[in-house]
Amino acid sequence: MKNKNFIVLAKIDHILFKADALENVQKNNNKAFETHDSCRFGQWYNSDGKSQFGHAPSFDKMIVPHAMVHNSVIDTFELLKNGSVNAFEDEIKNNFINMEKSSKVLFELMDNILAEEANYASKQS
């Protein structure tokens, strides 16, 4: 149950991260966003997550889509340092499309590690 709760919270964190990015693009605000290593999930991934789920096949696969979610947002706001949303509309749209695709993969992998952990635990007992 603890693992499932953490995964749900991690998903909520990333949904809020994406919503914050979208809101700031719509307002044409320039904001600094955290990297995939500095968010709560990234810190967990590199410490407790690795020790708890490192054996799960989906665990190592999460790093790339997780980084892509963050990098898509960071890249968007790097563009906005050099101009308005209108000036980079296509690039920003592509970044958000990539962010959503990567987020979907990340969320699926998060679900997978729960199933893989349950399978692993049943084999250990």
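Residues numbered from 1 in each chain as written. Predicted model: local features only at pLDDT ≥ 70, side-chain atom pairs only at ≥ 80, totals over all residues. Heavy atoms only, no water.

Trainee: Whenever I open this one, the pattern of salt bridges confuses me. Can you help?
Mentor: Going through the model one piece at a time under the given rule, you end up with seven salt bridges. A salt bridge links Glu23 to Lys27; the nearest nitrogen and oxygen atoms lie 2.8 Å apart. Between Lys104 and Glu108 there is a salt bridge, with its nearest N and O atoms 3.9 Å apart. Here the residue Lys104 and the residue Glu108 both occupy positions in helix 5 (residues 89-124), the gap between them amounting to four residues, near one helical turn. According to the relative accessible area criterion, Glu108 is partly exposed, its value standing at 41%. (Salt bridge = Lys/Arg side-chain N within 4 Å of Asp/Glu carboxyl O. Helix = DSSP H or I, 4+ residues; strand = E, 2+ residues; numbered from the N terminus. Buried < 20%, exposed > 50% of the residue type's maximum accessible area, 1.4 Å probe, protein only.)

Trainee: Explain a nonpolar patch on the surface to me, please; I cannot follow it from the model alone.
Mentor: On the surface, Val8, Leu9, Ile12 and Leu16 cluster together into a nonpolar patch covering about 350 Å² of accessible area. With respect to the helices and strands, the residue Leu16 is situated in helix 1 (residues 2-26). (Patch = residues over 30% accessible without salt bridge, like charges linked within 9 Å, V, L, I, M, F, W, Y side chains within 5 Å. Areas by Shrake-Rupley, 256 points an atom, 1.4 Å probe, with all protein chains shown as cover.)

Trainee: What is the right way to read the packing of aromatic side chains from this model?
Mentor: For any pair of aromatic rings, the description consists of the separation of the ring centres together with the inter-plane angle of the planes. This structure, assessed with the given rule, holds eight aromatic pairs. Relative to Phe77, the ring of Phe33 has its centre 4.9 Å away and its plane inclined at 35°; by these criteria the two rings are tilted. With Phe33 in the loop between helix 1 and helix 2 (40-45) and Phe77 in helix 4 (residues 63-80), the pair connects residues that are 44 residues apart, well separated along the chain. When its relative accessible area of 2% is taken as the criterion, Phe77 is described as buried. (Phe/Tyr/Trp six-rings, centres within 6.5 Å; stacked < 30°, edge-to-face > 60°.)

Trainee: Is there a simple way to think about the confidence of the model for the protein chain in this case?
Mentor: For any part of a model where pLDDT is low, the fine detail of the predicted coordinates should not be relied upon. For the protein chain, the mean per-residue pLDDT works out to 91, and 96% of the residues sit at or above 70. The secondary structure element of the protein chain with the lowest average pLDDT is helix 3 (residues 48-53), at 88, and the one with the highest is helix 4, at 96. (pLDDT = per-residue confidence, 0-100.)

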